[in-house]
Amino acid sequence: MPRALPAVDRDLWGRTLSLLLIGFICYALPLSVLAALPASEGNRPVLRIQGSNTIGAKLGPELVKGLFEAQGLHDIHSENGARENEQRLLARRADGRLVIVEVAAHGSGTGFTSLKDGSADLAASSRPIKDGEAATLAPLGDLRSPQSEQVIAIDGLAIIVHPSNPIGTLSVEQIAQLFSGDIDDWAALGGKPGKVRPYARDDNSGTYDTFKELVLAPGGHTLAAGAQRFESSTQLSDSVSSDPNGIGFIGLPYVRQAKAVAVAAGNSQPMPPSTTLIATEDYPLARRLFLYNDPQLANPWVRALIDFAHSPRGQAIVDNSGFIAQTVQAVKVAADAQMPAEYQQLAQQAQRLSVNFRFQEGSATLDNKAHRDLQRVLDYLKQHDKLQDKVVLVGFGDPKSDPERAELLSKLRAMAVRRELAKQGVLFREITGMGSELPVAANDRDNGRIRNRRVEIWVY
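Note that the structure is predicted; figures quoted are calculated from it, not measured. (Residues numbered from 1 in each chain as written. Predicted model: local features only at pLDDT ≥ 70, side-chain atom pairs only at ≥ 80, totals over all residues. Heavy atoms only, no water.)

(A) Structural detail: the overall build of the chain. Broken down by element type, the chain carries 15 helices and 20 strands. Expected size for 460 residues packed as a compact globule is a radius of gyration near 23 Å; at 22 Å, the chain falls within 12% of this value. By principal-axis analysis of the C-alpha atoms, the chain measures approximately 65 × 60 × 40 Å. The proportion of buried residues among the 460 residues of the chain is 56%. A separation threshold of at least 6 residues defines the contact pool for the chain, and within that pool the share at least 24 residues apart is 73%. When the accessible surface of the chain is totalled, it reaches about 18600 Å², and 48% of it is carbon and sulfur. One way to put it: in the chain the 50 positive side-chain charges average out to a point 2 Å from where the 52 negative ones average out. (Helix = DSSP H or I, 4+ residues; strand = E, 2+ residues; numbered from the N terminus. Rg over C-alpha atoms; globule rule 2.2 N^0.38 Å. Buried < 20%, exposed > 50% of the residue type's maximum accessible area, 1.4 Å probe, protein only. Contact = heavy atoms within 4.5 Å. Areas by Shrake-Rupley, 256 points an atom, 1.4 Å probe, with all protein chains shown as cover. Lys, Arg positive; Asp, Glu negative; His and termini not counted. Charge placed at Lys NZ, Arg CZ, Asp CG, Glu CD.)

Okay, here's the thing in structure tokens:
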């Protein structure tokens, strides 16, 4: 029997996050963001962003507009670019000089190509950089370094169907079979008889790359040849919501009129693409949204936009754009009889923070997002007077032949987080490891084992 994950009070989460973001938006930005930045020379852009449609369609332009406002610019507006899915964001400085930023949203892969040929200053990507791309861009520096890889938001890959489709839950394997054509009639899953019609993003899309990696590739599936392909997330979603036999995959803000189903992976219970489950990256199809830049940061607008995207005001824009902000908040978890006894007691007495710490692949080293999350967590603990004997770290991992070894490894992960927070004066109530308990992904796959190797943080 699969173990159930904690059920979260989502109403509480929504209310408290909204209040927190409203409060944060009033805070001052870093001086590096507020420092005067150069204007455009002639009609040339000060910043060129290329890549992901998921980011470039709305989030990227909204972050640029927010930065313009933080700079005190006026007459902020956008206009269509030279091609579909391209925009120009324009504003004026106090001296009347024009500032132009260009955003092209043709898929994550195009961002890295544009960094290489010099036609972009920032690559927007809805997936991590690939080995081949990192190697090609090596002359610029290490694109996987904390200076180059920026996680600006969390997104969930929603599996969408027509609102009249009675099916509300699918496993990752069933999703793969539906998109590959191995299951070609909804009746095979207990739905209404009808030929399954898959809708998918195009080959340049980071959303499609994520879908291949998380859904198709693990079982050796390929996308059905007859699948309809789209460059636009919005067009894909609207097509599924008008086709009773349709199924598609999309970034969370683009569900629109379609119906999102709950997803199960391995021994996890089915999980909807909810705010909390995506924020902690427990949802099986959660993913990170990235900006990648030349580590030399020769363009001051690059650093300014990165700083702004990480700032409270930038993360408020992430939230308002329909993605999941990386703001840390305490969430009450309902105790469940299927939880380990120790975990039940924790759920009854404490609250879980809305972040999980994860690690570099094959390493006990915290990944780039985790390093930024350390500061976010520390800020939360300071603001809420939780620095002394109020924090519990809980490590998890994948199964080992010896359960005691699995438990030890999971506790060592928690100790790695403890070590970093302790440097900043945090004194802990407890450090524990729960081994392979409460999996959130399939342990027979590499990416599933990586996802299960995590550290939760709880506060009293």
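(B) Examining the UniProt feature "domain: OmpA-like" (unreviewed entry) in the chain more closely. Look at the UniProt record and you will see "domain: OmpA-like" (unreviewed entry) annotated at residues 346–460. End C-alpha to end C-alpha, residues 346–460 measures 9 Å, and it is 41% helix and 25% strand. (UniProt positions renumbered as here; feature names shortened; annotations may be inferred.)

(C) A look at the packing of helix 3 (residues 53–70) against helix 11 (residues 312–320). Where helix 3 meets helix 11, the closest approach of the two axes is 10 Å, and the angle between their N-to-C directions is 145°. Crossing of helix 3 against helix 11: the hand is right-handed. Residue-level contacts link Lys58, Leu59, Glu62, Leu63, Gly66, Glu69 and Ala70 of helix 3 to Arg313, Gly314, Ile317, Val318 and Asn320 of helix 11. Counted by class, the contact of helix 3 with helix 11 contains five nonpolar, three polar and four charged residues. (Axes fitted to C-alpha atoms, helices over the stretch in contact; angles between N-to-C directions. Left-handed = near helix turned anticlockwise from the far one by under 90°. Nonpolar A, V, L, I, M, F, W, Y, C, P; charged D, E, K, R; others polar.)

(D) Summary view of unusual backbone geometry. Although it is not a glycine, Asp75 adopts a positive phi angle of roughly 55°. Within the element layout of this structure, Asp75 appears in strand 3 (residues 74–80). The exposure class assigned to Asp75 is partly exposed, which follows from its relative accessible area of 47%. Within the chain, Asp389 stands out as a residue other than glycine whose phi angle is a positive 60°. Asp389 gets classed as partly exposed once you look at its relative accessible area, which sits at 41%.

(E) Local environment of the packing of helix 3 against helix 10 (residues 300–310). Axis separation between helix 3 and helix 10 bottoms out at 10 Å; the angle between their running directions is 100°. In terms of orientation, helix 3 and helix 10 fall into the roughly perpendicular class. Residue-level inspection shows Leu63, Val64, Gly66, Leu67, Phe68 and Ala70 of helix 3 in contact with helix 10, the latter providing Trp301, Ala304, Leu305, Phe308 and Ala309. Residues that form the contact of helix 3 with helix 10 fall into these classes: ten nonpolar, one polar and no charged. (Parallel < 35°, antiparallel > 145°, perpendicular 65-115°, else oblique.)

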